[in-house]
Amino acid sequence: MTMDLNSIWFWLVGVLIIGYAILDGFDFGVGILSLFAKNEEERRIHMNAIGPVWDGNEVWLLTGGGALFAAFPVVYATVFSGFYLALMLLLVTLIARAVSFEFRSKVESSSWRRIWDWAFGLGSLLPALLFGVAIGNILHGVPVDTGGNYLGSFLGLLNPFSIGVGLLSVVLFTMHGAIYLASKTDGALQSRAVDWASKLWILFVLLYVVMTLWSWLGSPFLFAGSMKNPFFFIFLILLVGTIVYLPIVIKSGKFGRAFFTSSLLITSMLGQMALSLFPRLVPSSIDLAYSLTIYNASSSSLTLQTMLIIALVGVPIVIAYSAFIHYVFRGKVEITKESY
């Protein structure tokens, strides 16, 4: 694997996507679990567990989208036009979740609060599902012709394989969020969060095995070149190790370590996916020769060079900002008058 500018940008976009999956992934998970909260106090705890950090976590999505637009504009155009309705639905749900934080406590009415509780929960569930469906379509192959035009439909995106990947995404993020919630709470809610994480781990393993076998049979091109790459086996060892270790560390009550392990699990999964796709960005289900790659869909070398300089300055700032915010708001959730 040669590391030219195109390859560097492929992996840089990958790092941003992984960062977003780890950070906003636990936001989604906590929001999904809020749908099962037993009372008003628990619903407030769910919301306040991510309240100080959720908007900072979404900076990774904006950065990743901007990087994709700058480095691979043809991919950006094809995906955003082909997945237009799905992306509009995604934006509506993300906006609903964002608004729920601000509006929930503005009116002293239980019915008003329940509306925004549902907006918070469903605004977390649907994006987790839609992101997984999008990844599933990329892994399965997208109907793109030789000119990079998307020839499919919205309903075509909802194929069984992609829905399966979407369900896997929901389970993974909910497990990730349950671990985070356990680290932010005490008592009965923490115990339930541990129970959720343990049960979701079992479901995750089952779904992951099924979807991997399905990928092997339905998209053999993903395994054709990647298994010759030594990094594939590094990610594989990391994946297996984190899967085996995660239930052990959850049961031990070391939730910070469990969250780190869950983050490594997400990293190894997405890392394997990236290796399987490389150098393709959008495989064509019509003919693999029509696929959008890091070479036929990229910006000019000058643009890639200029953007790389900006990225080398900007990405460390984003990482430092994220680390600082999470450090400042570490510890257990405390409900006060100023809380959501």
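The rules behind these values
- Residues numbered from 1 in each chain as written.
- Predicted model: local features only at pLDDT ≥ 70, side-chain atom pairs only at ≥ 80, totals over all residues.
- Heavy atoms only, no water.
- Axes fitted to C-alpha atoms, helices over the stretch in contact; angles between N-to-C directions.
- Helix = DSSP H or I, 4+ residues; strand = E, 2+ residues; numbered from the N terminus.
- Parallel < 35°, antiparallel > 145°, perpendicular 65-115°, else oblique.
- Left-handed = near helix turned anticlockwise from the far one by under 90°.
- Nonpolar A, V, L, I, M, F, W, Y, C, P; charged D, E, K, R; others polar.
- Core = buried A, V, L, I, M, F, W, Y, C linked by side-chain atoms within 4.5 Å.
- Buried < 20%, exposed > 50% of the residue type's maximum accessible area, 1.4 Å probe, protein only.
- Contact = heavy atoms within 4.5 Å.
- Patch = residues over 30% accessible without salt bridge, like charges linked within 9 Å, V, L, I, M, F, W, Y side chains within 5 Å.
- Areas by Shrake-Rupley, 256 points an atom, 1.4 Å probe, with all protein chains shown as cover.
- Salt bridge = Lys/Arg side-chain N within 4 Å of Asp/Glu carboxyl O.
- Polar contact = N/O pair within 3.5 Å; in protein donor to acceptor, adjacent residues only side chain to side chain.

**Student:** Any chance you could explain the packing of helix H9 (residues 160–184) against helix H10 (residues 187–218) here in plain terms?
**Tutor:** The description of two packed helices rests on the angle between their axes and on the distance between the axes. Contact pair H9 / H10: the axes reach a minimum separation of 8 Å and the direction vectors enclose 155 degrees. Classified by the interaxial angle, the pair formed by H9 and H10 is roughly antiparallel. Where H9 crosses over H10, the two elements pack in a sense that is left-handed. Among the residues making up the contact of H9 with H10, the classes are represented as 25 nonpolar, 4 polar and no charged.

**Student:** Sorry, what's going on with the nonpolar core here?
**Tutor:** Nonpolar side chains tend to gather and get buried jointly when the protein is soluble and globular. Of all hydrophobic cores here, the largest spans 98 residues; its most connected members are Trp9, Phe72, Val75, Phe204, Leu265 and Val282. Take this core: its biggest share by element is 16 residues, from helix H1 (residues 5–34). Among all residues touching Val75, those that are not within four sequence positions of it are Leu68, Phe80, Leu281, Val282, Leu292 and Ala297.

**Student:** Explanation requested: a nonpolar patch on the surface in the structure shown.
**Tutor:** Judged by side-chain polarity, Tyr84, Leu85, Met88, Leu91, Ile95, Phe154, Leu155, Leu158, Ile163 and Leu167 come together as a nonpolar surface patch covering roughly 930 Å² of accessible area. Elements supplying a minimum of two residues to the nonpolar patch: helix H6 (84–103), helix H8 (154–157) and H9. Ranked by residues supplied to the nonpolar patch, first place goes to H6 with 5 residues.

**Student:** Looking at this structure, how should I read the side chain of Asn159?
**Tutor:** Position of Asn159 relative to the elements: it lies in the loop between H8 and H9. Note on Asn159: relative accessible area 14%, which makes it buried. A distance of 3.1 Å separates the side chain of Asn159 from the side chain of Asn137, its partner in a polar contact.

**Student:** Could you clarify how one ought to interpret the environment of Ala67 in this entry?
**Tutor:** Tracing the backbone shows Ala67 in helix H4 (residues 59–71). Separated by 38 residues in sequence, Ala67 and Gly29 have C-alpha atoms that sit 26 Å apart. For Ala67, the residues in contact, after removing those within four places along its chain, are Trp9, Val13, Leu16 and Phe72.

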